[in-house]
Amino acid sequence: MDEQSSTVAIPVGDVQLPADLLLPAEPAGVVLFAHGSGSSRHSPRNVAVARTLNGRGLATVLVDLLTPTEDEVDARTAELRFDIGLLAGRLAGIVDWLAVERPAGDVPVGLFGASTGAAAALVAAASRADRVGAVVSRGGRPDLAGAALARVRTPTLLLVGGLDEEVIVLNEQALAELGEVGELRVVPGATHLFEEPGTLEQVADQAGAWFTDHLARAAVRRT
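Residues numbered from 1 in each chain as written. Predicted model: local features only at pLDDT ≥ 70, side-chain atom pairs only at ≥ 80, totals over all residues. Heavy atoms only, no water.

A. View of the packing of aromatic side chains. Taken as a whole and assessed by the stated rule, the structure comprises one aromatic pair. A ring pair is formed by F33 and F112, whose centres lie 4.9 Å apart and whose planes are at 40°; its orientation type is tilted. On the criterion of sequence distance, the pair formed by F33 in strand β3 (residues 29-34) and F112 in strand β5 (residues 109-114) is long-range, its members being 79 residues apart. Residue F33 is classed as buried on the basis of its relative accessible area of 1%. Owing to a relative accessible area of 0%, F112 belongs among the buried residues under this scheme. (Phe/Tyr/Trp six-rings, centres within 6.5 Å; stacked < 30°, edge-to-face > 60°. Helix = DSSP H or I, 4+ residues; strand = E, 2+ residues; numbered from the N terminus. Buried < 20%, exposed > 50% of the residue type's maximum accessible area, 1.4 Å probe, protein only.)

This is the structure we're talking about:
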């Protein structure tokens, strides 16, 4: 399959955010990744999931939601990685950029969030319901999305490791807020980072199926 990869700077507000784009030929949708606290667009777990999505004909955008200067501050204080409002606003800005610049064409957008990035993805989905067609959370903290959870109208898949007991509870509570648009699936034998053999592959497969299905439905609704 022909693919095009590039690194771009996406303007959001008064900052430029570095992002890696991978575009399969004629993508059926584009998935924007929001990494977790202390991670980056080079996260090997997110990169692995992105490659699986590319294999399903989905474009991917792996982006750093903090600038290098902000990253340096966050490395010392850990304050910005939990600033869900800031991160969600930047995700929403990138969703807008995808709609205007159309690097993947006029296709539906999915959001994949890990850890704290999942909360930012859900807040962004609530504010861009007309553009975001699906959300997947990996080991996420959807509880940090707060009141925005009840405003999410986008099909949302919550994936949690079976050994990540505290996060399972938090996701169960978030599922009650999400209502009928949410679905919780537990990956047996997995801890928070899905480092156990085969567990990340399960995440990638389930995320791929979720995005393929729901972004296709979103495309039909737009026609």
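B. Geometry of the sheet that holds strand β8 (residues 182-187). Reading across from one edge, β1-β2-β4-β3-β5-β6-β7-β8 is the order of the eight strands in this open sheet, with mixed pairing throughout. Both edges of this open sheet fall to β1 (3-12) and β8, since each of them pairs with a single strand only. Within the sheet, the average angular offset between the axes of one strand and its neighbour, ignoring direction, is 20°. Here β5 runs beside strand β6 (residues 132-138); their pairing, made up of six bridges, is parallel. The residue of β6 that forms the bridge with L111 is V135. Where helix α1 (residues 44-55) meets the sheet, its contacts fall on β1, β2 (15-24), β3, β4 (58-63), β5 and β6, and the angle it forms with β4 comes to roughly 160°. Here helix α3 (residues 84-101) sits on the sheet and contacts β1, β2, β3, β4, β5 and β6; the angle it forms with β1, its principal contact strand, is near 120°. (Pairing = 2+ DSSP bridges. Axes fitted to C-alpha atoms, helices over the stretch in contact; angles between N-to-C directions. Contact = heavy atoms within 4.5 Å.)

C. Looking closely at the pattern of salt bridges. Enumeration according to the criterion identifies 10 salt bridges in this entry. Ionic pairing is found between R131 and D96, a salt bridge with its closest N-O pair at 2.5 Å. Taken together, the positions of R131 in the loop between α4 (116-127) and β6 and D96 in helix α3 put the pair 35 residues apart, joining distant regions of the chain. A relative accessible area of 33% places R131 in the partly exposed class. With a shortest N-O distance of 3.0 Å, R217 and D213 are connected by a salt bridge. In this pair, R217 and D213 both sit in helix α6 (residues 199-222), four residues apart, roughly one turn of the helix. For R217, a relative accessible area of 45% corresponds to the partly exposed category. By relative accessible area, D213 is classed as partly exposed at 32%. A single network of salt bridges, built from pairs that share partners, joins D20, R41 and D64. (Salt bridge = Lys/Arg side-chain N within 4 Å of Asp/Glu carboxyl O.)

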